[in-house]
Amino acid sequence: AQKITQTQPGMFVQEKEAVTLDCTYDTSDQSYGLFWYKQPSSGEMIFLIYQGSYDEQNATEGRYSLNFQKARKSANLVISASQLGDSAMYFCAMREGNTGNTPLVFGKGTRLSVIA
Amino acid sequence: GAVVSQHPSRVICKSGTSVKIECRSLDFQATTMFWYRQFPKQSLMLMATSNEGSKATYEQGVEKDKFLINHASLTLSTLTVTSAHPEDSSFYICSARGGTGSVGTNEKLFFGSGTQLSVL
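The rules behind these values
- Note on numbering: residues in each chain are counted from 1, in written sequence order.
- Numbering of ligands from 1 and lettering of chains from A proceed in the order in which they are written.
- Local features are withheld for residues below a pLDDT of 70 in this predicted model, meaning they are given only at 70 or higher, and side-chain atom pairs are given and counted only at 80 or more; totals for whole chains, interfaces and linings count all residues.
- Where side-chain values are given, they derive from all heavy atoms of the structure, hydrogens and water being excluded.
- Strands here are runs of E lasting at least two residues and helices are runs of H or I lasting at least four, both read from the DSSP assignment and numbered beginning at the N terminus.
- Each residue is assigned to one of three classes by its accessible area relative to the maximum for its type, calculated with a 1.4 Å probe on protein chains only: buried under 20%, partly exposed between the two thresholds, exposed over 50%.
- Contacts: residue pairs with any heavy atoms within 4.5 Å of one another.
- Charge assignment: positive for Lys and Arg, negative for Asp and Glu; neither His nor the chain ends contribute.
- Taken as the charge location is NZ of Lys, CZ of Arg, CG of Asp or CD of Glu.
- Only the protein chains shown count as cover for residues, and all accessible areas are computed by the Shrake-Rupley method using a 1.4 Å probe.
- When DSSP finds two or more bridges between a pair of strands, those strands are recorded as paired.
- Axes here refer to lines fitted to C-alpha atoms; in helices the fit is confined to the stretch in contact. Angles between the N-to-C directions go from 0 to 180 degrees.
- In what follows, salt bridge is the name for a side-chain nitrogen of Lys or Arg lying within 4 Å of a carboxyl oxygen of Asp or Glu.
- Note on scores: pLDDT gives the predictor's confidence for each residue, bounded by 0 and 100.
- Identification of polar contacts relies on pairs of N or O atoms within 3.5 Å, with a donor-acceptor requirement for protein atoms, meaning one able to donate a hydrogen and the other able to accept it, and with residues adjacent in sequence counted only if both atoms are side-chain atoms.

On to the overall build of chain A, then. When its secondary structure is counted, chain A shows zero helices and 12 strands. Walking chain A from its N terminus toward its C terminus, one meets helices and strands in the order β-β-β-β-β-β-β-β-β-β-β-β. Across its three principal axes, chain A shows a C-alpha extent of roughly 45 × 30 × 20 Å. Here chain A holds 116 residues, and 49% of them are scored as buried. Here the analysis covers contacts within chain A between residues at least 6 apart in sequence; of these, 55% occur between residues at least 24 apart. Each charge class in chain A can be summarised by its mean position, and for the 10 positive and 11 negative side chains these summaries are 4 Å apart.

Structure follows, in structure tokens:
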């Protein structure tokens, strides 16, 4: 079974509008971390935001916020006031356990295109 | 923030040759490094976990004799693609973590900029 599911292969958003990128996850661990990364065409992976499983409040980082719904096992990324430079692939990822040595497991990604 | 340097960024080689990719943590000690592979328009797939001073742990289906990983120091891990073939052409990207913090801490992985390998 897929650990991370991103159901939106591609999304379009008008510049200055907000957009939500969906992510659901599957784990039986109590301790886990959820991450969102941005990958522009250059290939680098840019960390955006992190949510720990025990965090009670939704994470926010500037224009990025994570809508964490633990019971539904969803961790949607919300980008407010979209900019043309936001056009990229976005990956949701999870790390299970609390040893710190487990790798990130990535979803298939969502390609976001911001339209002027 | 922490920086992971990966090079080369792009390499073209002939079939049958070996290619070495380096991943360095520049301002922190990386006890664990992860190597991922990404095909065009696909997600990142974990190849192996590399721990300093010990043998790498490979994911199922990844040939350890083909993808040699060496993590000889706390700041350097290398991936060598041996006897490369066209099907090995892909984007390879490393990531590193430092310390032994738990998942409960805000501990993100730091990624290199990736290596695009093309085997002719």
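Attention now moves to the overall build of chain B. Looking only at helices and strands, chain B has zero helices and 11 strands in total. Going from N to C terminus, chain B has its helices and strands arranged as β-β-β-β-β-β-β-β-β-β-β. Within the span of chain B, comprising 120 residues, buried residues form 48% of the whole. Here the contacts in chain B between residues at least 6 apart in sequence split such that 57% fall between residues at least 24 apart. Accessible surface for chain B amounts to roughly 5,800 Å². Of this, 52% is attributable to carbon and sulfur atoms.

Now for the sheet that holds strand β7 (residues 67–73) of chain B. Within a sheet, neighbouring strands are paired by backbone hydrogen bonds and run either parallel or antiparallel to one another. Residues and elements named next belong to chain B. The strand order β1-β3-β8-β7 describes an open sheet built from four strands, whose pairing is antiparallel. The open sheet has two edge strands with one neighbour each: β1 (4–7) and β7. Here the strands of the sheet are splayed against their neighbours by 15° on average, with no regard to which way each runs. Examined bridge by bridge, strand β3 (residues 19–25) and strand β8 (residues 76–81) share six bridges and lie antiparallel to one another. In the sheet register, Ile21 faces β8, and the bridge partner there is Leu79.

All names here are of chain B. For the coordinates displayed, the defined rule picks out four salt bridges over all chains. One salt bridge in this structure joins Glu22 and Arg24, with 3.5 Å as the shortest N-O distance. Its relative accessible area of 32% is what places Arg24 among the partly exposed residues.

Moving on, we come to the confidence of the model for chain B. For chain B, per-residue confidence averages 88 on the pLDDT scale, and residues scoring 70 or more make up 89% of the total. A low-confidence stretch, residues 100–105 of chain B stays under pLDDT 50, and its non-local contacts, those more than four residues away or across chains, total 14 contacts.

Quick look at the side chain of A:Ser31 now. Residues and elements named next belong to chain A. Here Ser31 lies in the loop between β4 (24–25) and β5 (32–39). According to the relative accessible area criterion, Ser31 is buried, its value standing at 15%. Here Tyr54 takes part through its side chain, which lies 3.1 Å from a polar atom of the side chain of Ser31.

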